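Residues per chain, in single letters:
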Amino acid sequence: MRIATAVAAALTVAATALPAASAAPAGRSATDGVWRTDGYGTLLVLGDGALREYQTSAAGCLAGDSARQTGPGDFLTPDGTALTVRTTHDRDHARLAADSSVGHRRLTRLRALPADCTRPPATDPRADFDVLWQTFEENYPFFALKGVDWHAVRDRYRPQVHPGTTRAELFGIFSRMLRPLHDAHVAVKDGDRVFAEVRPGTEPPSPRLDARVKRFTVTRDLKDAKNRQDFAAGRITYADLPGALGYLRISGFGGYAGDDAPFTAERAELDRTLDTVLTPARTRRLHGLIIDLRVNGGGSDALGIRIAARLTGTPYTAYAKRARNDPADPTRHTRPEPVPVVPARAPRYTGPVAVLTGGSTVSAGETFTQALLDRPGRTVRIGQPTQGVFSDVMMRTLPDGMLFVLPNEEYLTRTGRTFDGTGIPPQLTEPVFTEEEFAHHRDSAFDRAVRVLRARR
């Protein structure tokens, strides 16, 4: 997840042509071979200078993405994400990590690639339907939460698919099947056609909405501010407010160093931004910090954790991450993996924080919000519930080349709660960028944050 929204980013990456693998490094790595992920419906083949993905379900096996090898167990994807595979307690078990994500995926070695992964897949419309339906059946965790009978969906729509079904017709069928989920991490793309939905009553983050809100906040909320400055290709704004308060607006967790920049460049640009904003002289005099996430299209969870590490002087757990891992039982998951927040060895601010959220706070914007729930110190959430999508997205390709994405993970609080579907609720409810607020030049959530922080001095 790298740009504008998690879904748009995933579809962009999935549509990118993959480069040829580089020559294999000298010698054989201990991680070479065939591996099955715990959950995620994925096989990985490592060796000959590459990591190659195979997407599996009961409907078949399809070749997916690949990454070139840069060292023993180290790989680089076409979008610049670094992957590492390391064996654990024996040669038949390993863990996969991506530098732009949090957590790991557990791997178990297989003796060989299954035979169905070596055969050309069927490419008729019914095969496409079966792959999409079966992938959701085996991986999507939220049918009960959404009140959707997925088997009834198959019974209704599969008879509409036949050998003569056109791509446009099939795209329409998929759209009608998936619309009732109202899941912002579910999408289908076929050329210029894109299907995606959000939770009813919310607006998806978009460049148009972001620009409108930014103009509004600059002219209204920041009219008396000092030292206003944009950073990270305009994705981050900071300003000093009257009364020793700070304002930090984050519109995404990525795109900081350009659309094609590797994650290392994104991370370095974020660090430069935070070093500039959180100077010791400033943090000593700040009595409160407003973090505005109300229009945030998501991105990298790892960047969110990196910011959280600048907001604490005490280690704590942001959340625990787990994935559905039983194709027949949506209630079974991988063992939850805690994701730590460790105080950064860099300038930090540890005082009171007010976090502004709304329905256009999506994906990594939500995991960052969740990472602040147990932040040591005084933190208050103001505004409206977030969108309600937390998982990294699985990117899948149909036999005819159509693309789709879906979630398969849950992010748990220390009490085991998740916020999928409903979003993270605010502690103090205020309207967020409604037409009435715009018309009356009001920003009730921002004003409430200012009052709360001033009262807590």
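Scroll up a little and you will see the structure.
Cut-offs used in this document
- Residues numbered from 1 in each chain as written.
- Predicted model: local features only at pLDDT ≥ 70, side-chain atom pairs only at ≥ 80, totals over all residues.
- Heavy atoms only, no water.
- Pairing = 2+ DSSP bridges.
- Helix = DSSP H or I, 4+ residues; strand = E, 2+ residues; numbered from the N terminus.
- Axes fitted to C-alpha atoms, helices over the stretch in contact; angles between N-to-C directions.
- Parallel < 35°, antiparallel > 145°, perpendicular 65-115°, else oblique.
- Left-handed = near helix turned anticlockwise from the far one by under 90°.
- Contact = heavy atoms within 4.5 Å.
- Nonpolar A, V, L, I, M, F, W, Y, C, P; charged D, E, K, R; others polar.
- Buried < 20%, exposed > 50% of the residue type's maximum accessible area, 1.4 Å probe, protein only.

A.B. asks: Which residues make up the sheet that holds strand S1 (residues 33–37), and what values do they have?
C.D. replies: On the basis of which strands lie adjacent, the closed barrel formed by eight strands has the order S1-S2-S3-S4-S5-S6-S7-S8 and antiparallel pairing. Geometrically, the sheet is characterised by an average inter-axis angle of 35 degrees between neighbouring strands, direction not taken into account. Direction of pairing for S1 relative to strand S2 (residues 42–47): antiparallel, over a ladder of four bridges. For Val34, the partnering residue across the bridge sits in S2 and is Val45.

A.B. asks: For the packing of helix H4 (residues 150–157) against helix H5 (residues 167–178), give the residues involved together with the corresponding values.
C.D. replies: The geometry of a pair of packed helices is captured by two quantities: the angle between their axes and the separation between those axes. Contact geometry for H4 and H5: axes closest at 11 Å, N-to-C directions at 150 degrees. Here H5 runs roughly antiparallel to H4, going by the angle between their axes. Where H4 crosses over H5, the two elements pack in a sense that is right-handed. In contact with Trp150, Val153 and Tyr157 of H4, H5 contributes Ile173, Arg176, Met177 and Leu178. Among the residues forming the contact of H4 with H5, the class breakdown is six nonpolar, no polar and one charged.

A.B. asks: Describe the pairing of strand S16 (residues 337–341), and please don't skip the residues or the numbers.
C.D. replies: Burial along S16 is one-sided: Glu337, Val339 and Val341 are buried, while Pro338 and Pro340, pointing the other way, are not. The pairing of strand S15 (residues 316–323) with S16 spans five bridges and is antiparallel. Residue pairing in the sheet places Lys321 in a bridge with Glu337 of S16.

A.B. asks: An account of the sheet that holds strand S10 (residues 193–196) is needed here, citing residue identities and associated values.
C.D. replies: Strand order in the open sheet formed by four strands is S10-S9-S20-S19, and the pairing between neighbours is antiparallel. Every other strand in the sheet has two partners, leaving S10 and strand S19 (393–397) as the edge strands with one partner each. Here the average twist between neighbouring strands, direction ignored, is 15 degrees. By the bridge criterion, four bridges tie strand S9 (residues 187–190) to S10 in an arrangement that is antiparallel. Paired with Val188 across the bridge in S10 is Phe195. Across the face of the sheet, helix H2 (residues 125–139) comes into contact with S9, S19 and strand S20 (403–407) while running at roughly 15 degrees to S20. Lying over the sheet, H5 contacts S9 and S10, oriented at roughly 10 degrees with respect to S10.

A.B. asks: Tell me what's going on with the pairing of S1, and back it up with residues and numbers.
C.D. replies: Counting buried positions over the five residues of S1 gives four, a clear majority of the element. As consecutive antiparallel partners, S1 and S2 are separated by four residues, and within that stretch Gly39 has a phi angle of approximately 80 degrees, a positive value.

A.B. asks: How would you summarise the packing of H2 against H5 if you had to cite specific residues and measurements?
C.D. replies: The geometry of H2 relative to H5 is characterised by a closest axis approach of 11 Å and an angle of 20 degrees between their N-to-C directions. When the axes of H2 and H5 are compared, the pair comes out roughly parallel. Handedness of the H2/H5 crossing: right-handed. Taken together, the residues of H5 that come into contact with H2 (itself represented by Pro125, Asp128, Phe129, Leu132, Trp133 and Phe136) are Leu170, Ile173, Phe174, Met177 and Leu178. By residue class, the composition of the contact of H2 with H5 is ten nonpolar, no polar and one charged.

Structural measurements only, silent on function.
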